[in-house]
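# Coordinate inspection notes
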Amino acid sequence: MVDNGEEKLLAMARHIAKTMGRNESMADDILHIFSNFDARFSLDKLSDKPDELDPRGSADLHRSLKSLDRRISQYLVADHPIWADSADSSAFLDAIDELMAIIRDWTPMARDKSVGNYLARADDLMQQAMLRVDQEFRSLMDRGGESFELTRHFRNGESTGDFCFDSEEDEDVAEGILGDGLQIPVAQPVTDYNIVIDALPSGTIGDLHEIAKRMVAAGFEKECSHAYSSCRREFLEESLSRLGLQKLSIDEVQKMQWHDLEEEIERWMKAISVSLRVLFPSERHLCERVFVGLSSTANLSFMEVCRGSTIQLLNFADAVAIGSRAPERLFKIIDMFETLRDLMPEFDSVFPDQYCSFLRNEALTIWKSFGGTIKGIFMELENLIRRDPAKTPVPGGGLHPITRYVMNYLRAACKSRQTLEQIFEEVALTSKDYSKLEDRAAASSSSLSVQMEWIMEVLESNLEAKSKIYKDLSLSSVFLMNNGRYIVQKVKDSELGSVLGEDWIRKHSVKNRQYLGNYLRSSWSKVIGVLKMESGSLAPAAMKDKLQSFNVQFEQVCQTQSTWVIFEHQLREEARISVAKTLLPAYQKFVGRYQSLPELAKRTDRYLKYTVEDVEGRITELFEGGGGGGSRR
């Protein structure tokens, strides 16, 4: 009921409208301006048209709207949060419910001019009420997020510690899923991601749900979704920031130094795992509670909440995938490929509806692009091997750096064998460079083994070219022995062996024995040839000349090979034994014949410079690379 003072105020407003208005329509416009200026000047109160003049029986509608206008207006002008008092919030929602019921019930009669006018006033009042509940909705979310400590709960009910995004205490506390020295401590390291963050108190969630129901019912679904998503989106963005993830453009990512990018990739892997396994499911859980019974609004809101953070994570991955394919990047790229692969079920479960399909599709596309990047890196490795110049020989025929690099690289790569097999199963052998391997591919256990075998052939061809730098054929053979043995050993004692197979190992072991045979022939055939004797007896002078020639040639070979090296102990012993088996029997036989001649036996010390034991001793000094080589007696 309007008191006397308010009635006088309303009467003054009516008088002003009638005085200033040139006609009834203009007067109504002036009254409408007053109603927008102050809730006390509502259209219902200012109207001086008696209800009983309504021929359509809309008097009830008029009275109901007048009552609702008074009840709702007092909350519209309130300068304090309505939801600070449960009685106020309940009364406000009840009034809104009544207003919605009136609009729903009278809308079929809206063709009646009088009813239509009242409904227009009702719609205007609903618009104002929705603006206020929108403010209350945002205020509830802000207050709830600030006051409620984020507690981590395992779904299996096990007791755990708490984490709080704003804590700066105890730097010694163990880091867990949200920790990276980023002042987000947890009670203990976490390896189980099966947790949910209750980001708002249950009471707040209930209040939000009640508001959301009214806003959706009143046709303000998008406004409600926007209010919700804008608040929660900030929470996710802050969470990613605290996980150390920077907002970087594709250009910024590709300009980063590799060392810095490696660190950023580590942060990315941690952030995307936490997001897909903890943060996004928690947001989905919260969304479903706030919008329970409103699935369409829940899906729309959840997509709006997570879209920005998900795109940020995927854009970083995409920037890395389309970036440099330098071989040293392989292992981090594999890590990113495996991370996305392992998270694809989470993408499907967290983003199952049509609103989020583009996020699922983008994740799948980028994951597959990493496979292409990895294939490209192996192609770049082949090019790197081919381009390695064959200019400067390795001293002493030792192990070439390219051999060590490639073999350790492939061994490390094969630790991710299953992942690489998954990737290379999609490789089509269409390049002319792979034509030699097509027949082999049919019998091979996997496309990965074909790829690895091809790289090995490229490496072996490069080493063959490098061996030709040596002018001494014996040293060229030692170089191939060293590098061939290293390759086989690295293959045998790693996963690379099972990728290439036993046949490959046997074939290359035979090839390495051939290198040893080549060395023996080129180094010792001429020396042994000196010791050969024709059938029958030799003249003492001829025997003496042969012995002197042997001394000179043996000395030269030992001197020349004193700087040569065989790096692997077993191979070094095999080479020495092979030399001894080839040389010692012939020399021993020759010395026996020499000493059997009376003319020479008297002067053995003068011409017999090396005993059999001395020759054997010099052989045992070969391939140490020390540069020694003085004669021994």
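This structure is a prediction, so every number in the text was calculated from the model and none was measured. (Residues numbered from 1 in each chain as written. Predicted model: local features only at pLDDT ≥ 70, side-chain atom pairs only at ≥ 80, totals over all residues. Heavy atoms only, no water.)

### Comments concerning the overall build of the protein chain
For the protein chain, the count of helices and strands is 25 helices and two strands. Expressed as a percentage of the 633 residues in the protein chain, the buried residues total 49%. Long-range contacts, defined here as pairs at least 24 residues apart, represent 74% of the contacts in the protein chain between residues at least 6 apart. A total of about 31,200 Å² of accessible surface is found on the protein chain, and carbon and sulfur atoms cover 49% of it. (Helix = DSSP H or I, 4+ residues; strand = E, 2+ residues; numbered from the N terminus. Buried < 20%, exposed > 50% of the residue type's maximum accessible area, 1.4 Å probe, protein only. Contact = heavy atoms within 4.5 Å. Areas by Shrake-Rupley, 256 points an atom, 1.4 Å probe, with all protein chains shown as cover.)

### With respect to the pattern of salt bridges
Counted under the stated rule, the structure contains 30 salt bridges. The partner of Arg-242 in a salt bridge is Glu-238, and the shortest N-O contact between them spans 2.9 Å. Placement of both Arg-242 and Glu-238 in helix 8 (residues 221-242) is noted, with a separation of four residues, approximately one turn of the helix. We classify Arg-242 as partly exposed; its relative accessible area is 23%. In this structure, Asp-353 engages Arg-284 in a salt bridge whose closest nitrogen and oxygen atoms are separated by 3.1 Å. Of this pair, Asp-353 sits in the loop between helix 12 (330-350) and helix 13 (357-387) while Arg-284 sits in helix 10 (residues 258-290), and the two are 69 residues apart along the sequence. You can call Asp-353 buried: its relative accessible area is 9%. The class of Arg-284 is buried, set by a relative accessible area of 10%. (Salt bridge = Lys/Arg side-chain N within 4 Å of Asp/Glu carboxyl O.)

### Concerning the packing of aromatic side chains
In this structure the tally under the stated criterion is 18 aromatic pairs. Ring centres of Phe-347 and Phe-351 lie 6.0 Å apart, and the angle between their planes is 45 degrees; on these two criteria the pair is classed as tilted. Residue class for Phe-351 comes out buried when judged on its relative accessible area of 0%. Measuring from ring centre to ring centre gives 4.5 Å for Phe-550 and Tyr-587, while their planes differ by 20 degrees; the resulting arrangement is stacked. Placement of the pair is Phe-550 in helix 21 (residues 540-560) and Tyr-587 in helix 22 (residues 569-596), with a sequence separation of 37 residues. You'll find Phe-550 and Tyr-587 in the same group, each marked buried. Taken together through their ring pairs, the aromatic side chains of Trp-524, Phe-550, Phe-554, Tyr-587 and Tyr-610 make up a single cluster. Lying across the ring of Phe-235, Arg-232 places its NZ or CZ 4.2 Å from the centre. (Phe/Tyr/Trp six-rings, centres within 6.5 Å; stacked < 30°, edge-to-face > 60°. Lys NZ or Arg CZ within 6 Å of the ring centre and 35° of its normal.)

### Overview of the state of the cysteines
Here a disulfide denotes one covalent bond, and it connects the sulfur atoms of two cysteines. Counting across every chain of the model gives zero disulfides. We note that Cys-287 lacks a disulfide partner, and the nearest cysteine sulfur, in Cys-306, lies 7.8 Å from it. Taking relative accessible area as the criterion, Cys-287 reaches 1% and is therefore assigned buried. (Disulfide = S-S within 2.5 Å.)

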